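# Observations on the three-dimensional arrangement
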Amino acid sequence: MKSKFRMPKTGRLLTLILAVSVFLSGCMMDASRYRDLVDKWLSGGTEKSELTVPQYNAENGLVPFSKMKYERPDAEAVTQRLSDLGFKMRTCASFEELKSYIEEMELLYDWYCTMMNLAEIHHETDMSDTFWAEECVYLAENEPALTSEYDGCYAFLYDSAYREQILENFGDAYFDHIWEEDVYYTDKVIELLAEEARLCEEYGGILSSASVQFGDTSYTYYDIYAVEDMDTYSDLLWRWYAAHYNRIAKLYISLVQVRQQIAEESGFDHYTEYLFSREKDYTSQSFEALLDEIAEELGPLYLEAWWHEPDETISFDTCSAFLQNAFGEISPTLRSGFEQMLACDLIGYEPGTHKYGGASTYDLYSYRSPYILMSYTEDFYSIGTLVHEFGHAYAAMQTDDLYETTDMSEVYSQTLELLLSNYYDSLYSDESAEAAKQAAVLNMLDTIVYQAYFAAVEFAVYAEDSNSLTPQRLGEIAGEQACRFGLTDVSDDEYYQKDWIGTTHLFEFPFYVTGYVSSACVALQVWQLSLTDEAQAVRIYDRMIQRTESRNFVENVTANGLESPFESGIIHRIKPVFVSCLEKAAA
């Protein structure tokens, strides 16, 4: 069945796209080196400013969530200290002196990011709590100026005479995310990023607070997604769209305009070009070619596709026991990582009245621990979501690095979903197990087509003159692309003309959805191999996590004997997998 839950499974790593893009631009420190620095810092073994990071006691290699204490950073003081460190770096007399400044810069910046993510976790756990909402706004509004100072230091280090010594001491990947184009933040860009953050916060506030009345009850967008009865759900959703569409569409137009200004201020003609040059390992043209192939090969198939998911309910305890056993069969390190997260309460799985409706994985840098936030509702979807998010967390535990390229990160999560599906026989009854296996694969069809649709909407929107965009025109674009990809057979379908406003990625993470599409093409290849040689499939999975061959997405994939998602004809070669599953589902 094509589920009503169209919100992407992950990716809301932070509320703010600003924060995500910044983290992707940061340095890549060798994992063991980073652990040594954190321990040294926290034990008072390094020279540092009066600014401090929180203390912790590690258990099982991770930090229990109960021991993670939020402390509001003095953003102005942190920004000033980073500025001072930049001056000291430029005037230091030796590499040993420079090294101590780099260590402080990295740890201080990571601490600020950790506090941002910790505040966001608390905010999304209870979005009615105004304290955490205000903390998120404070941290987001001050983050652009702080990151500008950090990036200035990072750029200096890249161009400094000590570059080789920096790489020797901090790891070969330290400068992997340097922007060769020299497009660091100007004062104007910092202002625009702050406005972008404000608009994203406003959007999040609308989803969590704007409501419609139904009988004696008010429903927010997230409340509506928790409604089980489909007729009531559809009625409420349509009422909500009718009440709030224009407001949200106008806000999106403002975001598009701000982002276009950011691109122009940074020396680019179009925002799409700006974003792909900074956050992707491939060109926008290569992805648009992939979109054309998806629309042609899978659009007609998806229009007629139908499948069902098992309706058995699985408690969290039963699910976690199953996952521990299945992960142990796949890889001992998978089981160990999952057990550590359970033991440290790093999976916030319990549903809540005011909890964020999606799922997220956070990296709490200063605590060297990932955290999964989701609502486990005992259905098939919840199991897949938990496995998906653990794929992100597992990669972070293996590399001390959650925030890498979107596409590679999603390979880890989506591949694990498919590898796990091979073990559904030990969780479900015979009939349900077969349905679960087919649904796991067909959900990749859903991912590829639906996320391609969202990406196509973004390409079309950012290609237009942002000053001429209207809510009506946005609806027309969404409807046209929905028809193109087989979501509907008419371009003026009112549902799809409005449904896009609930997709947080379009607002907060522009073009993040491209990673779902490209990674699904890779995940399917690994899964197909697992059916005949699971050991080799797992070896490839682990090598891709470790980036043994390359940190570049496409190079990492192809070096492991897999086909690039951008190889011509790849969708035509994947299509038979979906056709076969659909035939079995219909039998």
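To continue, consider the overall build of the protein. A count of helices and strands for the protein gives 24 helices and 5 strands. When the 587 residues of the protein are sorted by exposure, 62% land in the buried category. Across the protein, the fraction of contacts at a sequence separation of at least 24, relative to all contacts at a separation of at least 6, is 76%. Carbon together with sulfur atoms contributes 46% to the accessible area of the protein, which is approximately 21,900 Å² in total.

The strand order across the open sheet formed by 3 strands is β3-β5-β4, and the pairing between neighbours is mixed. The outermost strands of the open sheet, each flanked by one partner alone, are β3 (347–348) and β4 (360–364). Pairing analysis gives 2 bridges linking β3 to strand β5 (residues 369–373), with the strands arranged parallel. Bridging across to β5, Ile347 finds its partner in Ile372. Sheet strands in contact with helix α4 (residues 95–125) are β4 and β5, and its direction is about 145° off that of β4.

Across all of its chains, the model carries 51 aromatic pairs by this definition. With 6.4 Å between their ring centres and 65° between their planes, Phe287 and Phe566 make a pair best called edge-to-face. Taken together, the residues span a long stretch of sequence, with Phe287 in helix α11 (residues 284–297) and Phe566 in the loop between α23 (553–559) and α24 (570–586) at a distance of 279 residues. An aromatic cluster of at least three residues, connected via ring pairs, comprises Phe268, Tyr271, Tyr274, Phe276, Tyr282, Phe287, Phe459, Tyr462, Phe511, Phe553 and Phe566. We note Arg72 situated over the ring of Tyr138; from NZ or CZ to the ring centre the distance is 3.8 Å. A cation over a ring is seen here: Arg163 above Tyr158, with NZ or CZ 3.9 Å from the ring centre.

On to helix α9 (residues 230–265). In α9, a bend of some 55° at His244 exceeds every other bend along the element. Phi for Gly267, located one or two positions after α9, is positive at around 95°.

This paragraph deals with the pattern of salt bridges. Any two side chains of opposite charge can pair, so long as their charged atoms come close to each other. Going through the model one piece at a time under the given rule, you end up with 15 salt bridges. The residue Arg198 makes a salt bridge to Glu195 at a minimum N-O spacing of 2.8 Å. One end of the pair is Arg198 and the other is Glu195, both in helix α7 (residues 187–209) and 3 residues apart, which spans about a single turn. Put simply, Glu476 and Arg473 hold a salt bridge, and the shortest N to O gap is 3.3 Å. Of this pair, Glu476 and Arg473 both sit in helix α18 (residues 471–484), 3 residues apart, which is roughly one turn of that helix.

As a packed pair, helix α21 (residues 513–530) and helix α22 (residues 534–546) sit with axes 7 Å apart at the nearest point and diverge in direction by 150°. Considering the angle they form, α21 stands roughly antiparallel to α22. Contacts between α21 and α22 involve Val522, Val526, Leu529 and Ser530 from the first element and Glu534, Gln536, Ala537, Ile540 and Met544 from the second. Taken together, the residues that form the contact of α21 with α22 break down as 6 nonpolar, 2 polar and 1 charged.

Summarising the sheet, strand β1 (residues 211–214) and strand β2 (residues 217–220) pair through 4 bridges and their orientation is antiparallel. Bridged to Ser211 within β2 is Thr220. Taking the residues that link successive antiparallel strands as the turn, the β1-β2 hairpin has 2 residues, and the phi of Gly215 there is positive, at about 65°.

All right, on to the confidence of the model for the protein then. Per-residue confidence for the protein gives a mean pLDDT of 86, with 87% of residues at or over 70. Note on residues 1–50: pLDDT is under 50 here. Beyond four places in sequence and across chains, it has 182 contacts. The low-confidence segment residues 53–60 (pLDDT under 50) makes 28 contacts with residues lying over four places distant or belonging to another chain.

This part is about the nonpolar core. Judged by nonpolar contacts, the single largest core of 199 residues is most densely connected at Trp240, Phe390, Tyr453, Trp500 and Phe578. Ranked by the residues each element gives to this core, the list is headed by helix α17 (residues 430–463), at 20 residues. Non-local contacts of Trp240, meaning those with residues more than four positions away in its chain, are made with Ile206, Leu207, Ala210, Ser211, Val212, Tyr219, Thr220, Tyr221, Ile224, Tyr245, Ile248 and Ile501.

This part takes up the environment of Gln257. Mapped onto the fold, Gln257 is located in helix α9. According to the relative accessible area criterion, Gln257 is partly exposed, its value standing at 22%. Separated by 14 residues in the primary sequence, Gln257 and Tyr271 have C-alpha atoms spaced 9.5 Å apart. The residues contacting Gln257, other than those within four sequence positions of it, are Ser466 and Asn467.

Attention now goes to unusual backbone geometry. For Asp345, which is not glycine, the phi torsion reads 55° and is therefore positive. Its location among the elements puts Asp345 in the loop between α14 (332–343) and β3. We classify Asp345 as exposed; its relative accessible area is 55%.

Rules used throughout
Residues numbered from 1 in each chain as written. Predicted model: local features only at pLDDT ≥ 70, side-chain atom pairs only at ≥ 80, totals over all residues. Heavy atoms only, no water. Helix = DSSP H or I, 4+ residues; strand = E, 2+ residues; numbered from the N terminus. Buried < 20%, exposed > 50% of the residue type's maximum accessible area, 1.4 Å probe, protein only. Contact = heavy atoms within 4.5 Å. Areas by Shrake-Rupley, 256 points an atom, 1.4 Å probe, with all protein chains shown as cover. Pairing = 2+ DSSP bridges. Axes fitted to C-alpha atoms, helices over the stretch in contact; angles between N-to-C directions. Phe/Tyr/Trp six-rings, centres within 6.5 Å; stacked < 30°, edge-to-face > 60°. Lys NZ or Arg CZ within 6 Å of the ring centre and 35° of its normal. Bend = angle between axes of the 7 residues up to and from the residue. Salt bridge = Lys/Arg side-chain N within 4 Å of Asp/Glu carboxyl O. Parallel < 35°, antiparallel > 145°, perpendicular 65-115°, else oblique. Nonpolar A, V, L, I, M, F, W, Y, C, P; charged D, E, K, R; others polar. pLDDT = per-residue confidence, 0-100. Core = buried A, V, L, I, M, F, W, Y, C linked by side-chain atoms within 4.5 Å.

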